[in-house]
Amino acid sequence: MKTGPRSNGVRGPRGGALRGEEKTHRFIYYSDTGWAVGAEESDFEGWAFPFPGVTVIEDFVTREEEAEMVQLMDREPWKPSQSGRRKQGHRGASPLTSGHAGLVLVTVTVMVGVRIEEGFLKATRCRSFPQQPSPFADYGPKVNFRKQKLKTAGFRGLPSFSREVVRRMGLYPILEDFRPVEQCNLDYCPERGSAIDPHLDDAWLWGERLVSLNLLSPTVLSMSREAPGSLLLCLAPSGFPEALVEGVMAPSRSVLCQEVEVAVPLPCRSLLVLTGAARHQWKHAIHRRHIQARRVCATFRELSAEFCPGGKQQELGQELLQISLSFQGRPM
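Below is a summary of the structure that appears in this document.

Calculation notes
- Residues numbered from 1 in each chain as written.
- Predicted model: local features only at pLDDT ≥ 70, side-chain atom pairs only at ≥ 80, totals over all residues.
- Heavy atoms only, no water.
- Helix = DSSP H or I, 4+ residues; strand = E, 2+ residues; numbered from the N terminus.
- Buried < 20%, exposed > 50% of the residue type's maximum accessible area, 1.4 Å probe, protein only.
- Contact = heavy atoms within 4.5 Å.
- Arc of directions from axis to C-beta.

1. Here's the deal with the environment of Ile 286
Now for step 1: Within the secondary structure, Ile 286 is located in strand E21 (residues 283–286).
Now for step 2: Overall, Ile 286 belongs to the buried group, its relative accessible area being 3%.
Now for step 3: Sequence separation of Ile 286 and Ile 196 is 90 residues, and the distance between their C-alpha atoms is 5.1 Å.
Now for step 4: For Ile 286, the residues in contact, after removing those within four places along its chain, are Tyr 188, Ala 195, Ile 196, Thr 219, Val 220, Leu 221, Ile 291 and Arg 295.

If you want it as structure tokens, here you go:
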């Protein structure tokens, strides 16, 4: 999730967004079970595998809080980002640090008249729009991920309206010690052909957990893996996903990792947490067909071990935390 002249350290294949659109979701993630289940009428219907590292907390904020947050975001200028998104704030200093695919102005097909079926957004008709830069807002240090250098100059912390969001995160066991040093706001819109390529976020600066708050409309996070090897599948019992935990059978089928894409439904106002393999091995993306209305996403990132107590840059990490959690930030 980075821009041309700036970067937040995500890595994705050149042109990945266009290739990603050609894939079909084969598995759907069920957050209440932690399993990915073969989609209906797919080659893997009735098959499942455990998919750890994904947590979805529904109704993390109220409708009133959602409206207030977006209103406050809209008071600040949005800057053009990639793939039809908009963004706020500042990020890496060099155009060479971009981890996303290079993007050009193209005409894309955007689905409208959408309905949700089994975790997917289904289009009933479509229109074509030219792909335009996407707005963004960023609160974090200036970073050159290629050279692994950062500057704190100009960084004044996360925005004040995020203080309560961060406090509430700490009420959940998975986030009780989560202290973000960066917040990236992205604005998705179907008329701009908004999307984000399959990518992995940086692991030099950013830590174990990636946390995203999904606002204004539901969407689907598409997760894929390019590593060699196979996934072992289990035949799901009747009545899945409810019966998955106790009734799953021993693995009896396998599928190449490259052939699997997992759809993670993200309801409006939900909080997503990626850890472990879902953070470091599975690329995540938002396809154009899964943006049915305006969507605003606030992604929070914590520091890696190198910048935490005991790490070789612990003093810099402490400085970043003090600035970040002062909640005096303004986008630059």
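2. Re the environment of Ser 230
Now for step 1: The topology assignment puts Ser 230 in strand E17 (residues 230–235).
Now for step 2: The partly exposed category is assigned to Ser 230, whose relative accessible area is 44%.
Now for step 3: Here the alpha-carbon distance between Ser 230 and Val 255, two residues 25 residues apart in the chain, equals 5.3 Å.
Now for step 4: Setting aside residues up to four positions removed in sequence, Ser 230 forms contacts with Ser 254, Val 255, Leu 256 and Cys 257.

3. With respect to helix H6 (residues 314–324)
Since the α-helix advances by 3.6 residues per turn, residues separated by three or four positions end up pointing in the same direction.
Now for step 1: All buried positions along H6 are accounted for by Gly 317, Leu 320, Leu 321, Ile 323 and Ser 324. Taken down its axis, H6 places every buried residue within 165 degrees of arc, on the same side. In H6, the exposed residues that point more than 90 degrees away from the buried face are Glu 315 and Gln 322.
Now for step 2: Here the buried face of H6 lies against strand E12 (149–151), strand E13 (182–188) and strand E22 (295–303).

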